[in-house]
Amino acid sequence: MTAPASRTWSNVEFYSSYFLMVVLASVIGTRLSFAGVWELPTLDLVLSTIALVLVVASFWIARKRRSWRLWIIAFATATQLLPMVLRHPATLFPLLGGLIPVVIMIWALVSLSRKGANGTRMRGS
């Protein structure tokens, strides 16, 4: 007996968003831990601290709301990328290059989510 496609997709989204929040928390925490070694602009320090608090708190406050998790992930990502790109525009090119596999992954996840939505059952291997 197979699980319904919507429940399977919900599990994929749930675990991938939590994994992404763990990665974001570790990146932001590492950046803040080096703030004492390398000078971090005040705006970056404040935004990174707010983002870290939101990401850590989202494990509790956004555990049932997918939209809240996605907004927190988007905010935390923006607080790390936007100041860097605005100060050093040349960093935009590697970021755009890194965007290619991300777009492919999102396309694959959307395709997988639609595969079970039209009533077709996925067969086991």
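As a reminder, the structure under discussion sits directly above these lines.
As the structure is a prediction and not an experimental result, all values here were calculated from the model.

1. Side note on the pattern of salt bridges
Applying the stated rule across the entire model yields 2 salt bridges. Notably, a salt bridge pairs D44 with R31, separated by 3.0 Å at the nearest N-O pair. Of the two residues, D44 is situated in helix α2 (residues 42-61) and R31 in helix α1 (residues 5-33); the sequence distance between them amounts to 13 residues. A salt bridge links D44 to R87, with the shortest nitrogen-to-oxygen separation between them at 2.8 Å. Of this pair, D44 sits in helix α2 while R87 is found in helix α3 (residues 66-87), placing the two residues 43 residues apart along the sequence. A relative accessible area of 1% means that D44 is categorised as buried.

2. Remarks on the layout of surface pockets
Of the pockets and cavities examined, the largest pocket occupies roughly 1,000 Å³. In terms of lining, the largest pocket is formed by 30 residues, of which the most central are L20, I73, V102, M105 and I106. Elements with a minimum of two residues in the lining of the largest pocket: α1, α3 and α4 (92-115). Of the residues in the lining of the largest pocket, the class split is 23 nonpolar, 5 polar and 2 charged.

3. Quick notes on α3
Across its 22 residues, α3 extends 32 Å between first and last C-alpha, which sits within 8% of the 32 Å expected from 1.5 Å per residue. When the local axis directions of α3 are compared, the greatest deviation, roughly 30°, occurs at A78. Listed in full, the buried residues belonging to α3 are R69, I72, I73, A76, T79, Q80, P83 and V85.

The rules behind each value
Residues numbered from 1 in each chain as written. Predicted model: local features only at pLDDT ≥ 70, side-chain atom pairs only at ≥ 80, totals over all residues. Heavy atoms only, no water. Salt bridge = Lys/Arg side-chain N within 4 Å of Asp/Glu carboxyl O. Helix = DSSP H or I, 4+ residues; strand = E, 2+ residues; numbered from the N terminus. Buried < 20%, exposed > 50% of the residue type's maximum accessible area, 1.4 Å probe, protein only. 1 Å grid on protein atoms, 1.4 Å probe; cavity = no way out; pocket = protein on both sides within 12 Å on 5 of 7 lines; lining within 4 Å. Points joined across faces, edges and corners; volume = space filled by probe spheres on them. Nonpolar A, V, L, I, M, F, W, Y, C, P; charged D, E, K, R; others polar. Expected span 1.5 Å × (residues − 1). Bend = angle between axes of the 7 residues up to and from the residue.

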